[in-house]
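Observations on chain architecture
Residue strings, one per chain:
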Amino acid sequence: MSDKKNGLVKPENAEFDYSAGLAKVDADKFADPGIEPHRVRMTDKSVKHEKAAARQVASLFLFSIASSIFAIWAYFGIKVYSFDLNSIRSNVLFLGLGIAFGMLGIGIGAVHWAKTLMPDAEVSEARHQTRGSEETRAAAIEVINLANEESGFSRRKLIRRSLYGALALFPIPGLVIFRDLGPNPSDTLKHTMWAPGLKLMRDPSGTPIKASDVELGSVFHVIPEGLAELGQNEATYDEMIAQKAKAAVLLVRVDPAILIEAPERKDWSYQGIVAYSKICTHVGCPVALYEQQTHHLLCPCHQSTFDLPDACKVIFGPASRPLPQLPITVDKDGYLIARSDFTEPVGPSFWDRKA
Amino acid sequence: MSTANGNKQKGGFLAGTANYLDERVGVAGILKTFGRKVFPDHWSFMLGEVALYSFLVLLLSGTFLTFFFQPAMTPVIYDGIYGPLKGAHMSVAYASTIDISFEVRGGLLMRQVHHWAALLFVASAGLHMLRVFFTGAFRKPREINWIVGFALFVLGMAGGFTGYSLPDDLLSGNGLRIIDGMIKGVPVIGTWISSLLFGGEFPGHGIVARLYSLHIMLIPALILVFIAIHLFMVVIHKHTHYSGAGKRDDNVVGYPLAPVYVAKAGGFFFIVFGVIMLVAATFTINPVWNYGGYDPSPVSAGTQPDWYIGFLDGALRLTPSHLEVMLGNYTLSLNVLIPMVVGVLFLVVAALYPFLEAWVTGDKREHHVLDRPRNAPTRTAIGAAGVVFYAVLWAGAATDLIATNFRMSLNQVLLSLQIALIILPIAAYIITKRLALSLQRKDREIVLHGRESGRIVRLPHGEYVEVHEEIDEYTRYKLVDFVNYQPILARPNARGKITIRGRIRASMSSWFFEDRVTPVTPAELKAAHSDTKELH
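My aim in this report is to walk through the structure given alongside it, one point at a time. (Residues numbered from 1 in each chain as written. Chains lettered and ligands numbered in written order. Predicted model: local features only at pLDDT ≥ 70, side-chain atom pairs only at ≥ 80, totals over all residues.)

Of regular secondary structure, chain A possesses eight helices and 13 strands. The C-alpha atoms of chain A give a radius of gyration of 38 Å, which is well past the 20 Å a tight globule of 355 residues would have. Taken over the C-alpha atoms alone, chain A extends approximately 100 × 75 × 50 Å along its principal axes. Taken over 355 residues, chain A has a buried fraction of 33%. Across chain A, contacts joining residues at least 24 apart in sequence account for 57% of those joining residues at least 6 apart. (Helix = DSSP H or I, 4+ residues; strand = E, 2+ residues; numbered from the N terminus. Rg over C-alpha atoms; globule rule 2.2 N^0.38 Å. Buried ≥ 20, exposed ≤ 12 C-beta atoms within 10 Å, placed from the backbone. Contact = placed C-beta atoms within 7 Å.)

Dropping the structure here:
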């Protein structure tokens, strides 16, 4: 099959155009026997089978009609009662099944029709190289030259270069206007709501915790005093979430004998009660799991494990830094209070957290 | 030629309509060009179709959901029909998701259709890419279309993640928190990007609305544009076909578009939609009412992202401890940076593979006949290594579930996966390459000596032999129709020097083609027939 028009000369069964590449063309190659002869189907040679196939296709379409009607009935007919989730489940199930079978009937029917009753002999169609023929390419070049000449694009340097400059600059205002998506990152990332004297409150009830309520081995999820109130007011709800995302604390009481405390942190705990930031130093998930036997804190997201008695140092998992400790003590009524804010930024690391 | 009155058409309403359309949009020319276009048939060509159709399902179900969903983080007190959440503080986004689930008939069904279709979209696009990779369909002239398809895969993941975060529930909120933690780990600009994305400190009050704009406008629009380009290029190139008798680089063998492919592909759309609907009607997915609204303090154990984000989550988990370093006063979170770089690098290498392979092989010819994976052993082995690497990262996202379900130590599961991430891809490469070469040798043997028939015959002198049946010429052609490539040699350039680039290319090329098995030639077959003792 010669295709001179496309600039190709291809003898029958030869590989395509060997202008480049390193395929070794074996002169001694099996000849292509051509498309395999069509195998006759039962529906081609037997009227009985053909009629049966036609009946099957029509039945599938009829089944689809019935299913769609069933779906409409399910939508209106299956009442959804507000107190009964089962009614919602039935509605979803039967509506969905009706629609699904309505579609599957059409789909399977159409494919069955194509496979049994439409011609299944493979046919061949010529395919040309993607690149244009030499004439086409010459004509394209001619178009470009003409356009260039008529516009003077190459000739008029000043116009061309000023256009480049204009095109390079015009998108920048489009980027600049996104500046107000958010404020400058400020030092708020480095501070939390905790302040000297703030009571440690239960999350989410917001009730204070007496040191005597904290039994050995027990765990409290803690928020600072005043946070729960922020959440009660719709105007400050966002503020509550943002503060909680930094200020959440885990409170645990262990045997004071097993605590390994640095000299400067000696007064950060109270009779074996220690408070640590609940926000993982890896990527910020809440470190919500406490293993009572080993005194390990485990982050359920990526399994960073912190050794609570040893200043919450990382003993396993992808985190790098210990959880920050909240210095605590008790007030005159025996309620746990913070001595200060955390002494370092909580949560995941960021570039200038120490700067 | 139409007269002043138009042409009088014989026939009924259909003919009239056709005439009307042709005289206004030239539909006859379109039908003449495309109506009988030939399209090759193979089950693996349906994978891309599944992706296309699940995208249509996503558009339809997603449009339904937009009518009811409210993308705002404004706080409300829930007062709907779902008892356990009555009186709870939550965002409007979460409340409207609960309402769609319980108070809009068909709403829960559509939510589940949308979520299942999204999972299927990314999955089928991924499988389609594997098919294209392992059959070498990405070779010239389809390299650009590979990039377009790759962009679609990434856009699919982006669409999935932005949608996943919209309900503002506890699970997706923690997912966003992880994203925020990763962004903050980017050196120098991380804190800025986080502040711009969330409109201030995490979680802010605008992220849901922002993700919503991306999710329902920008991303689907880009996907549509890329699908249009993808399919336009399929029309230009015409579809590839598998090697076999009658299939050449200068033809396309298959069935005509009308009527066979109209029925098959059209019917297949309904099958894909029907199957998604069936799954959505019978299997719950993302029951957000169980999780509660987002709250930064609680988290549930054993949480998992949608499957296509798993490899990134796994990369985060498999990173060793204590990688953070200080550069003066600045913190460089290598423990977050490394997994991000590994994930991105993996995707970039996959995207650029067609160009890398073309450089190594020096092959500049057009290819329209697909490679059988065994006939490109090195490529197949590279692909297998890539799949295994991805799979180990993916398994890494489930370390906790593997440990609890199989009662193993979490630490040992993680350590094993860290080792597996290095060892298994290498093993997969070696094993796959050997398997491909063995299959090629088996093909040679079948061509030369025929198929084992299982019939044992006793010869007059007492020897037992198995009768081999010669294969027909069509089967044989499929087994011999591949090209015997030669590696590129390092050649001196114009100045008589062999460049380092040239040397690298030559050694990569000989690595790519080493151990190759050549196709049987007619002469070999003749020789095998003449000196064989086998019975045929």
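How big an interface is tends to be stated in terms of the accessible area lost upon association of its parts. Residue-level contacts link 105 residues of chain B with 96 residues of chain A. Looking at side-chain class alone, the side of chain B that touches chain A contains 51 nonpolar, 35 polar and 19 charged residues. Examined bridge by bridge, strand β2 (residues 123-126) of chain A and strand β5 (residues 251-256) of chain B share four bridges and lie antiparallel to one another. In the strand pairing of β5(B), A:Val123 is matched with B:Gly254. (Nonpolar A, V, L, I, M, F, W, Y, C, P; charged D, E, K, R; others polar. Pairing = 2+ DSSP bridges.)

What follows deals with the sheet that holds strand β8 (residues 296-298) of chain A. Residue and element names in this part refer to chain A. Strand order in the open sheet formed by four strands is β7-β8-β9-β10, and the pairing between neighbours is antiparallel. What marks the edges here is a single partner per strand, and that holds for β7 (289-291) and β10 (313-316). On average, adjacent strands in this sheet sit at an angle of 35° to one another, irrespective of strand direction. In terms of strand pairing, strand β9 (residues 305-307) meets β10 through three bridges, oriented antiparallel. Note that in β10 the partner of Phe306 across the bridge is Val314. (Axes fitted to C-alpha atoms, helices over the stretch in contact; angles between N-to-C directions.)

This part takes up the nonpolar core. Counting residues in each nonpolar core, the largest one holds 169 residues, and the members touching the most others are A:Leu200 and B:Ile276. Ranked by size, the runner-up nonpolar core spans seven residues in total, among them A:Phe30, B:Tyr477, B:Leu479 and B:Val480. (Core = buried A, V, L, I, M, F, W, Y, C linked by C-beta atoms within 7 Å.)

Further remarks concern the sheet that holds β2(A). The three strands are arranged β2(A)-β5(B)-β1(B) in an open sheet whose pairing can be described as antiparallel. At either end of the open sheet lies a strand with only one pairing partner, and these are β2 of chain A together with β1 (38-39) of chain B. Against the sheet, helix α10 (residues 257-282) of chain B makes contact with β1 and β5 of chain B, and its axis sits at roughly 70° relative to β5(B), the strand it touches most.

This part takes up the environment of B:Ile309. All names here are of chain B. Here Ile309 lies in the loop between α10 and α11 (310-318). On the basis of neighbour count, Ile309 is assigned to the buried category, with 20 C-beta atoms found within 10 Å. On a C-alpha basis, the gap between Ile309 and Ala351 in space is 18 Å, while along the polypeptide they are 42 residues apart. Dropping the residues within four chain positions of it, Ile309 is found in contact with Met157 and Phe161.

Let's shift gears to the environment of B:Val299. Along the chain, the position of B:Val299 falls in the loop between α10 and α11. Judged by the 22 C-beta atoms lying within 10 Å of it, B:Val299 is buried. Setting aside chain neighbours within four positions, we find B:Val299 in contact with A:Cys285, A:Pro286, A:Ala288, A:Pro300, A:Cys301 and B:Asn174.

Further remarks concern unusual backbone geometry. With an omega of 5°, the peptide bond running from A:Asp203 to A:Pro204 counts as cis. Here the amide bond leading from B:Lys140 into B:Pro141 is cis, since omega sits at 10°, within 30 degrees of zero. Within the secondary structure layout, B:Pro141 lies in the loop between α5 (107-134) and α6 (143-164). At A:Cys312, a residue that is not glycine, the phi angle is positive and equals roughly 55°. Among the secondary structure elements, A:Cys312 is positioned in the loop between β9 and β10.

Once that is clear, we can look at helix α9 (residues 207-237) of chain B. All names here are of chain B. Across its 31 residues, α9 extends 42 Å between first and last C-alpha, which sits within 8% of the 45 Å expected from 1.5 Å per residue. Of all the bends in α9, the greatest, near 35°, is centred on His215. Every buried residue of α9 is listed here: Ile207, Val208, Leu211, Tyr212, His215, Ile216, Ile219 and Ile223. Looking at the buried residues of α9, the elements they touch are α3 (46-66), α4 (92-102), α6, α7 (170-184) and α8 (190-198). After α9 finishes, the residue Lys238 shows a positive phi value of roughly 65°. (Expected span 1.5 Å × (residues − 1). Bend = angle between axes of the 7 residues up to and from the residue.)

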